[in-house]
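A look at the structure
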Amino acid sequence: MAGQVVQMDYAVVGEVSNGFGQSAQILRVVSQILSVAIEVLRAMAFASLGTSLALANYLAVIKQKAENLAKVCEEFQNDLSRAIGDHKKGDVQGKRYFGEGISR
């Protein structure tokens, strides 16, 4: 069997990698905004008889999910950047980090 040829459009893969990086940044900003909203709602909890505390707890769950998704996006960005570098160097073993799964 003939050897395999692996081709990569560096510009396209680089743009995808950058897109994941931008998504991670946006998610981090959303997380920071949610942190502020959570603190305000917790401060108002006594006056609202617990309603704002329930909303703060709900937003805290969303904040945690946004932070986790930001980590995943950063990992994808790093994996794609490494893949471009490995491909340019001719390293065919670099693909291993795509099968490692998400490290959170």
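Structure: see above.
Described in the following lines is the structure provided in the data block. Computed from a prediction, not measured in an experiment: that's the story for all the values here.

With the rule as written, the count across this model stands at four salt bridges. The shortest N-O distance in the salt bridge between Arg82 and Asp79 comes to 3.9 Å. Of this pair, Arg82 and Asp79 are both found in helix 2 (residues 51-89), three residues apart, which corresponds to roughly one turn of the helix. Here Asp86 and Lys89 are joined by a salt bridge, their closest N and O atoms 3.8 Å apart. Here Asp86 and its partner Lys89 are both found in helix 2, three residues apart, which amounts to about one turn of the helix.

Here we come to the packing of aromatic side chains. Counted under the stated rule, the structure contains one aromatic pair. Aromatic side chains Phe20 and Phe76 sit 5.2 Å apart centroid to centroid with 75 degrees between the ring planes, which places their arrangement in the edge-to-face category. Note that Phe20 is positioned in helix 1 (residues 10-43) and Phe76 in helix 2, a separation of 56 residues in sequence. Judged by relative accessible area, which is 25%, Phe20 ranks as partly exposed. Judged by relative accessible area, Phe76 falls into the partly exposed class, the value being 32%. The ring centre of Tyr10 lies 5.0 Å from the NZ or CZ of Lys88, which sits over that ring.

Turning to unusual backbone geometry, a few remarks are in order. Despite not being glycine, Leu49 has its phi angle at roughly 60 degrees, a positive value. Residue Leu49 is classed as exposed on the basis of its relative accessible area of 78%.

Reading the values: rules and limits
- Residues numbered from 1 in each chain as written.
- Predicted model: local features only at pLDDT ≥ 70, side-chain atom pairs only at ≥ 80, totals over all residues.
- Heavy atoms only, no water.
- Salt bridge = Lys/Arg side-chain N within 4 Å of Asp/Glu carboxyl O.
- Helix = DSSP H or I, 4+ residues; strand = E, 2+ residues; numbered from the N terminus.
- Phe/Tyr/Trp six-rings, centres within 6.5 Å; stacked < 30°, edge-to-face > 60°.
- Buried < 20%, exposed > 50% of the residue type's maximum accessible area, 1.4 Å probe, protein only.
- Lys NZ or Arg CZ within 6 Å of the ring centre and 35° of its normal.

Treat this as a map of the structure, not an account of what it does.
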